[in-house]
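The residues making up each chain are set out below.
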Amino acid sequence: MTAYDYYSIVHAALATISISLLSILLGVPLGLGLALIRWSRVPVLNEIAIVYVSILRTCPSVTLALLLFFALPEIGISLEPVPAGILTLALGTSAFDAEIWRSALTNFPRDQYDAALSLGMRRFTRFRRVMLPQIVRSSLPALVNEMTLLIKASPAVAVLGIVEITRAAIRIGARTYQPLPPFIFALVIYSLIVFAFVRAQRAVERRYALAGAPA
Amino acid sequence: MNEFAVVWQHRDMIVTGFENTLIIVALGATGALVLGALLAVPLMARQRAIRAAATAYVDAMRCVPFLLFVYLIYYGLPSLGLRFDNWSTGIAALVLYNSAYMGELLRAAWADMPHEQIEAGYAFGFSGLQLFRRIILPPVLLSALPLIGNQLIQIVKDSAFLTIIAVAELTHEATAMQTTYFVPFASFIAAVALYWVTCIGIEGTVGYLNRFAEERR
Amino acid sequence: MHAMAEKASPMPMVEPIAQPVVLDVNGVSKSFGANTVLRDISFKVHRSETVCLLGPSGSGKSTLLRCINWLEEPDGGTVLLGGRRIGVRPGTNLRMTDRDLAAIRTRIGMVFQHFALWPHMTVLQNVMEAPVHVLKRDKREVRKEAEALLRRVGLADKMDSFPARLSGGQKQRVGIARSLAMKPDLILFDEPTSSLDPELVGEVLTVMQDLAREGLTMVVVTHEMSFARDVASRVVFMDKGQIVETGNPDQFFRTPQTERARQFLARYAARDR
């Protein structure tokens, strides 16, 4: 492997990271929205949310990517590979995130909510200042776990031609006829990314833990 | 709607792909569960070195993206002299990869077992393989049932990655149908529907078995 | 699990004991880290005796019991079952193999505080399991005996139930039947009624009393003073890891010889009042 090869894998890593981050930024709030719909039992939307989560939870990332990229143009939505890849990962993670958020919502102590109500807080304020910080805190470990799973599923977008880490490694291997070194390097890069996520999680947990000790 | 008619007309492709997916999942899951049960033993070993080695294997598998692992076996091993065809690679990858997850979840269920139950096994003269097979393993499997179900669903989803090494499973056949008959929407929707049905079937079976398991906890 | 690598050869059989001294504990000591739990424990148990180990919590009674069948490994001293040394290979200082240890354990029954029934088997299967799979006895014979034992402890109608559906008292009676099915030379009882609701204690103690009367050799760790007083042939009082006093129950309960025994009994008398 030449220096350029290492560089191209690192470059691909940037693609992996940015695609993953954008997917997370889309998927996590989407999951929260779905969870809130389920939690407040909005009619019709509740059922749609249940079906959505059920289907997306069980759909392989590769198949979803192919579906979004090749099938959406038929109903008028034509996506480039990278947006399609981001959408794939975002939708996939949103289903799992919805379940994580929903669990935190149902475990939220009812009396805190009632206390805010009795103080005359309006609905949105109630949610923002009382519930949200706490459900974020309790969901965080599971959410970060899901993020690491997303990173490990990100090679699925290679099927759309996106040059992320795995694809870059394969290219180099195909050229040099020595596939092992780039694969091992790719492995190392993935591990570093996952490791970075886990560390970030612990740091955030610590910060929240100090701020949010039960009164 | 035209599209779905075409897909139905050529449904053999999708059906074959679906059958292959089921075969791959069945073999992969069985292998992963058996290997995982064997792995649980060193994961629970008292000797630090043995436990560390097994834990290293589990951590390694949990670090690697599955597709990269498949490539490692398919493209990487030949440079060491080991060449596998795409089916063998796929099933081997599923088994090895998921055995780590199965092993870990079985280990957790084992560690959660009330200690006295196992002690009673020793006290009555059980030891070694017999103790493991008759006293430890059955309750562990029963208590880990929901998590085993989840892992099975993961195996179904991972099987789709094998399309990239040209294994004729469901996603691969849906893609082939799409490129041959220009019916992307219908073919991929059909594939997604079949994955969904499979996973719901797994969840239903686990739910049913869970009632059987409840009594025995 | 080193033993898993061993070939499946028939288990070394241990013959039932003929000697009058069933159990000989000599100089047993045990520490957990810096904590010395047993110091130089010595006593003997004769055939058909019912020995009750009494003492405050933390006195080491349960640890001692578990050292007898080597569930805990003593740091020093010896334990002999009918003259055979447990836990250590004869003539050496080396630990016994798992198989030999398993073989000797088939001669010692154990009833656990939290019952320790195997939840994935029915009551009848629990009782039959060890005789069939460890002793390799004929299944039909074992079944007949198991059914008889369950009838004897009053659980004839629960044979095909799973332990999850049983009350604590019922579970413990199954535990006793399970031990009896092995026809052991000695049964160890580790606080058999401590986990039971008060109204269920009686049914278990009654079974134990019957067994004692029939001549079963028993070592019982218990807090049930009335049982010790009425059923035990000998009482061993322990405190802080040592045997403080032994004697027959009449002697011990009416005229305790040591101050610690007196304090212990006073506390219990106050509670019973």
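For the structure, check the block above.
Residues numbered from 1 in each chain as written. Chains lettered and ligands numbered in written order. Predicted model: local features only at pLDDT ≥ 70, side-chain atom pairs only at ≥ 80, totals over all residues.

All right, on to the overall build of chain A then. Broken down by element type, chain A carries 8 helices and 0 strands. Sequence-ordered secondary structure for chain A, helices as α and strands as β, is α-α-α-α-α-α-α-α. In terms of its C-alpha atoms, chain A occupies a principal-axis envelope of roughly 70 × 45 × 20 Å. (Helix = DSSP H or I, 4+ residues; strand = E, 2+ residues; numbered from the N terminus.)

Among the nonpolar cores identified, the biggest contains 200 residues, and A65(A), A186(A), L53(C) and V127(C) are the most heavily contacted of them. Among the elements that line this core, the one with the most residues is helix α2 (residues 11-43) of chain B, at 13 residues. Once residues within four sequence positions are removed from consideration, V127(C) is found in contact with A146(C), L149(C), L150(C), V174(C), A177(C), R178(C) and A181(C). (Core = buried A, V, L, I, M, F, W, Y, C linked by C-beta atoms within 7 Å. Buried ≥ 20, exposed ≤ 12 C-beta atoms within 10 Å, placed from the backbone. Contact = placed C-beta atoms within 7 Å.)

For helix α2 (residues 98-105) of chain C, every residue scored as buried is listed here: D100(C), A102(C), I104(C) and R105(C). Those residues of α2(C) that are buried are in contact with α6 (115-123) of chain B together with β4 (76-81), β5 (84-85) and β6 (108-111) of chain C.

In this structure, V44(A) is a non-glycine residue whose phi angle is positive, near 70 degrees. Along the polypeptide, V44(A) turns up in the loop between α1 (3-39) and α2 (45-57). Positive phi, close to 55 degrees, is recorded for F182(B), a residue that is not glycine. As for its position among the elements, F182(B) is in the loop between α9 (170-181) and α10 (184-215). On the basis of neighbour counts, which here come to 12 C-beta atoms within 10 Å, the residue F182(B) falls in the exposed class.

Another aspect to go through is the environment of V70(B). Residues and elements named next belong to chain B. Among the secondary structure elements, V70 is positioned in helix α4 (residues 66-76). Classification of V70 by C-beta neighbours within 10 Å gives buried; the count is 27. Between the C-alpha atom of V70 and that of G81, which follows or precedes it by 11 residues, the distance is 16 Å.

Moving on to the interface of chain B and chain A. Interface size is commonly expressed as the accessible surface area that is lost when the partners come together. In this assembly, 28 residues from chain B lie in contact with 26 residues from chain A. Breaking the side of chain B that touches chain A down by element, the ones donating at least two residues are α4, α8 (145-159), α9 and α10 of chain B. When grouped by side-chain class, the residues that make up the side of chain B that touches chain A number 21 nonpolar, 6 polar and 1 charged. (Nonpolar A, V, L, I, M, F, W, Y, C, P; charged D, E, K, R; others polar.)

Glancing now at the pairing of strand β2 (residues 35-46) of chain C. Residues and elements named next belong to chain C. Looking at chain direction, strand β1 (residues 21-32) and β2 are connected through 8 bridges and run antiparallel. Across the sheet, the residue bridging to K30 is L38, located in β2. The turn linking β1 back onto β2 is made up of 2 residues, and G33 within it adopts a positive phi angle of 65 degrees. (Pairing = 2+ DSSP bridges.)

Moving on, we get to the sheet that holds strand β8 (residues 218-221) of chain C. Residues and elements named next belong to chain C. With mixed pairing, 6 strands are arranged side by side in an open sheet as β6-β7-β8-β3-β9-β10. The sheet is open, and its two edges are formed by β6 and β10 (242-247), each paired on a single side. Going from strand to strand, the sheet's axes swing by 20 degrees on average, the running direction of each strand aside. Both strand β3 (residues 50-54) and strand β9 (residues 234-239) contribute to a ladder of 4 bridges, which runs parallel. Of the residues in β9, the one forming a bridge with L54 is F237. (Axes fitted to C-alpha atoms, helices over the stretch in contact; angles between N-to-C directions.)

Right, let's get into the sheet that holds β4(C). All names here are of chain C. Across the sheet, which stays open at both edges, the 4 strands sit in the order β2-β1-β4-β5 with antiparallel pairing between neighbours. Where the open sheet ends on each side, the last strands, each with one partner, are β2 and β5. Judged from the 2 bridges that link them, β4 and β5 form a sheet pairing that is antiparallel. Bridged to L80 within β5 is R85.

Attention now goes to the packing of α2(B) against α8(B). Residue and element names in this part refer to chain B. Where α2 contacts α8, the axes come no closer than 9 Å and their chain directions differ by 135 degrees. Taken together, the axes of α2 and α8 are oblique relative to one another. When you trace α2 past α8, the crossing you get is right-handed. Mapping the contact onto sequence places T21, I24, V25, G28, A29, A32 and L33 in α2 and I148, L152, I155, V156 and S159 in α8. For the contact of α2 with α8, the residue count by class is 9 nonpolar, 3 polar and no charged. (Parallel < 35°, antiparallel > 145°, perpendicular 65-115°, else oblique. Left-handed = near helix turned anticlockwise from the far one by under 90°.)

With that settled, the discussion passes to the interface of chain B and chain C. Contacts between the two partners involve 23 residues from chain B, matched on the other side by 25 residues from chain C. In terms of residues, the side of chain B that touches chain C owes the most to one element, helix α7 (residues 128-143) of chain B, which gives 9 residues. Looking at the side of chain B that touches chain C residue by residue, the classes come out as 12 nonpolar, 5 polar and 6 charged.

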